[in-house]
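A look at the structure
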Amino acid sequence: MAALGWLTPRRRSATARSVLAGEASAEAARKTAQGLEAEAAPLHAPTAPAAPAAAAELAEPVEPSAPAEPEFPVAGDDLAAAFFDLDNTVMQGAAIFHFGRGLYKREFFRRRELARFAWQQAWFRLAGVEDPEHMQDARDSALSIVKGHKVSELMAIGEEIYDEYMAERIWPGTRALAQAHLDAGQKVWLVTAAPVETATIIARRLGLTGALGTVAESVDGIYTGRLVGEPLHGPAKAEAVRALAAAENLDLERCAAYSDSHNDIPMLSLVGHPYAINPDTKLRKHARAHDWRLRDYRTGRKAVKVGVPAAAGVGAIAGGAAAAIALHRRRK
């Protein structure tokens, strides 16, 4: 997949590379959106929450001090759209880790790289933050892995990996929020540092409009191992949303954005309806200071009050331990 990885820069304003990354992502998203609309299964599948539940989820106050919300999303508002971060917002854990597991299963790389993927995922889930060094490492490793492979080959594998590792890790609560926007007649986009191909597969499987993701360079359908601009992270996400909104004639003040990470504050600040979903400590603090709405689906409503780490700690530790034990046994 294109640019399989993350780069987590320090907080900074948009640069020429982040603008380029955002514009490239917006262009790629619009090119695939029509195909997704034709192929996507509706979110009303048996496993999806019913529309009334989605609306109730949006309207129900999470914290006693939270201000009352007007009816939202507004039905029939074609100048509005919703933008959802992927990792730990729509899906438990990180897309790149799950994709890495699938590639390892297909012998794209060795056990050493799998162990590194496992450690990065354990850190992400326990700490609830994106570690710059781990994410830079994941990005460089992933680009070297896909270099020389066909885009079509990685797309086909991505479909299989979604079924194997990702489908059961979608947060029902966040999916209900997305459904509420779809039911209101609005477009819903994923916005992620994950490869745009991976993000597009997930968006199509969830019945969403499309996806903004990191764009990797390819020549004649073959990955070169280079990015277009930089990973879609931080300011680059905001640039992608801004570019897409301009192309789609959206009013950002009427749009909504959802994320778990303080790194996405630039994107969340662009819209009139920002939501902190499963927020890390810095985003939670920022959201409270700016009266943004909060939702936490990790361990129920209590998580909002006590601020537990991203994902249940016991589950994360167990997963990391299982991976370590499996690797150790294979080495014997």
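Here, every reference points to the structure presented above.
Given the structure is predicted, the values throughout are model-derived calculations rather than measurements.

**Section: the pattern of salt bridges**
For the structure shown, the criterion picks out 15 salt bridges. For Asp-77, the salt bridge goes to Arg-254, with nearest N and O atoms at 3.0 Å. Note that Asp-77 is positioned in the loop between α2 (51-59) and β1 (81-85) and Arg-254 in the loop between α9 (235-248) and β6 (256-259), a separation of 177 residues in sequence. According to the relative accessible area criterion, Arg-254 is partly exposed, its value standing at 34%. Residue Asp-264 pairs with Lys-237 through a salt bridge whose shortest N-O separation is 3.1 Å.

**Quick look at the nonpolar core**
The biggest cluster of nonpolar side chains holds 43 residues, and the ones touching the most others in it are Phe-84, Leu-86, Leu-103, Met-166, Leu-190 and Tyr-258. Leave out the neighbours within four places in its chain, and Leu-190 touches Phe-84, Leu-86, Val-90, Ala-199, Ile-202, Ala-203, Leu-208, Gly-210, Ala-211 and Leu-212. In this structure, Leu-252, Met-267, Leu-268 and Val-271 belong to the second largest nonpolar core, which totals 28 residues.

**A word on the side chain of His-181**
Structurally, the position occupied by His-181 is in helix α7 (residues 172-183). Residue classification places His-181 among the buried residues on the basis of a relative accessible area of 0%. Discounting chain neighbours no more than four positions away, the residues touching His-181 are Phe-72, Pro-73, Ala-82, Phe-84, Gln-186, Val-188, Ala-256 and Tyr-258.

**A few points about the packing of helix α3 (residues 95-105) against helix α6 (residues 151-166)**
Their axes nearest at 9 Å, the elements α3 and α6 cross at an angle of 110°. Relative to α6, the element α3 lies roughly perpendicular. The segment α3 lies against α6, with Ala-95, His-98, Phe-99, Arg-101, Gly-102, Leu-103 and Lys-105 engaging Leu-154, Ile-157, Gly-158, Ile-161, Glu-164, Tyr-165 and Met-166. Its residues placed into classes, the contact of α3 with α6 shows eight nonpolar, three polar and three charged.

Cut-offs and rules
Residues numbered from 1 in each chain as written. Predicted model: local features only at pLDDT ≥ 70, side-chain atom pairs only at ≥ 80, totals over all residues. Heavy atoms only, no water. Salt bridge = Lys/Arg side-chain N within 4 Å of Asp/Glu carboxyl O. Helix = DSSP H or I, 4+ residues; strand = E, 2+ residues; numbered from the N terminus. Buried < 20%, exposed > 50% of the residue type's maximum accessible area, 1.4 Å probe, protein only. Core = buried A, V, L, I, M, F, W, Y, C linked by side-chain atoms within 4.5 Å. Contact = heavy atoms within 4.5 Å. Axes fitted to C-alpha atoms, helices over the stretch in contact; angles between N-to-C directions. Parallel < 35°, antiparallel > 145°, perpendicular 65-115°, else oblique. Nonpolar A, V, L, I, M, F, W, Y, C, P; charged D, E, K, R; others polar.

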